[in-house]
Amino acid sequence: MSNITEILLQLKDKNITFDHENISECDIRHKKSLVLYGKLTYTPDCCPNCHATNGIVKNGTRQSQLSLCQISGLNAYLSLTKQRFIVNPVNHHLQRKHLLWISIVLSQTV
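In this text, all values refer to a predicted model and were calculated from it rather than measured experimentally. (Residues numbered from 1 in each chain as written. Predicted model: local features only at pLDDT ≥ 70, side-chain atom pairs only at ≥ 80, totals over all residues. Heavy atoms only, no water.)

Quick look at the overall build of the chain
Here is step 1 of the chain: When you go through the chain residue by residue, the secondary structure sums to two helices and five strands.
Here is step 2 of the chain: For the chain, the sequential pattern of α-helices and β-strands runs α-β-β-β-β-β-α.
Here is step 3 of the chain: Within the span of the chain, comprising 110 residues, buried residues form 35% of the whole.
Here is step 4 of the chain: Carbon and sulfur atoms make up 50% of the accessible area of the chain, which totals about 7,300 Å². (Helix = DSSP H or I, 4+ residues; strand = E, 2+ residues; numbered from the N terminus. Buried < 20%, exposed > 50% of the residue type's maximum accessible area, 1.4 Å probe, protein only. Areas by Shrake-Rupley, 256 points an atom, 1.4 Å probe, with all protein chains shown as cover.)

Considerations on the pattern of salt bridges
Pairs can form between side chains of opposite charge whenever their charged atoms are close.
Here is step 1 of the chain: Applying the stated criterion to the full structure yields one salt bridge.
Here is step 2 of the chain: Linking Glu-25 and Lys-32 is a salt bridge whose minimum nitrogen-to-oxygen distance equals 3.3 Å. (Salt bridge = Lys/Arg side-chain N within 4 Å of Asp/Glu carboxyl O.)

Notes on the side chain of Thr-81
Here is step 1 of the chain: Among the secondary structure elements, Thr-81 is positioned in strand S4 (residues 74-87).
Here is step 2 of the chain: Accessibility expressed as a relative area gives 19% for Thr-81, which makes it buried.
Here is step 3 of the chain: Here the side chain of Thr-81 touches Gln-63 through a polar contact of 2.9 Å, side chain to side chain. (Polar contact = N/O pair within 3.5 Å; in protein donor to acceptor, adjacent residues only side chain to side chain.)

Quick word on the confidence of the model for the chain
Here is step 1 of the chain: On average, the chain scores 76 in pLDDT, and the residues at 70 or more come to 78%.
Here is step 2 of the chain: Predicted confidence in the chain is weakest over helix H2 (residues 99-107), with a mean pLDDT of 41, and strongest over strand S2 (residues 31-40), with 91.
Here is step 3 of the chain: Considering only residues more than four positions removed or in separate chains, one finds that residues 96-110, a stretch of pLDDT under 50, has 22 contacts. (pLDDT = per-residue confidence, 0-100. Contact = heavy atoms within 4.5 Å.)

Details of the layout of surface pockets
Here is step 1 of the chain: One number sums up the size of the second largest pocket: a volume of about 160 Å³.
Here is step 2 of the chain: Together, Asn-3, Glu-6, Ile-7, Gln-10, Leu-11, Lys-12, Asp-13, Lys-14 and Ile-16 line the second largest pocket.
Here is step 3 of the chain: Residues of the lining of the second largest pocket, tallied by class, amount to three nonpolar, two polar and four charged. (1 Å grid on protein atoms, 1.4 Å probe; cavity = no way out; pocket = protein on both sides within 12 Å on 5 of 7 lines; lining within 4 Å. Points joined across faces, edges and corners; volume = space filled by probe spheres on them. Nonpolar A, V, L, I, M, F, W, Y, C, P; charged D, E, K, R; others polar.)

Focus: the packing of aromatic side chains
Here is step 1 of the chain: Per the stated rule, a full pass over the model turns up one aromatic pair.
Here is step 2 of the chain: Between Tyr-42 and Phe-85, the aromatic rings sit 5.2 Å apart at their centres with planes inclined by 65°, giving edge-to-face as the arrangement. With Tyr-42 in the loop between S2 and strand S3 (56-71) and Phe-85 in strand S4, this residue pair connects regions lying 43 residues apart in the sequence. Judged on exposure class, the residue Tyr-42 and its partner Phe-85 are both buried. (Phe/Tyr/Trp six-rings, centres within 6.5 Å; stacked < 30°, edge-to-face > 60°.)

See the structure below:
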């Protein structure tokens, strides 16, 4: 399938992939809504907290639901699975810093 979802949502992050086969229509907050599913994964160069470059390993995922603009009169949401990492020597978690920025931008009306 083409990149119609990326064009429709105007997302430029190459680390987000969409599951084009799995777009559902369901009730959210008692309203019929569209839910698009995506996954954000990447390989960090270093930890933003301690700047460690060794010992960074994947540590599961975390699910976020972001509000989008309406599509065909229906509320739309992006169910985004985000990759989590852990730095073994320091034992603290890190996630991509711009995730908060993505949720803010996607929630704004264009």
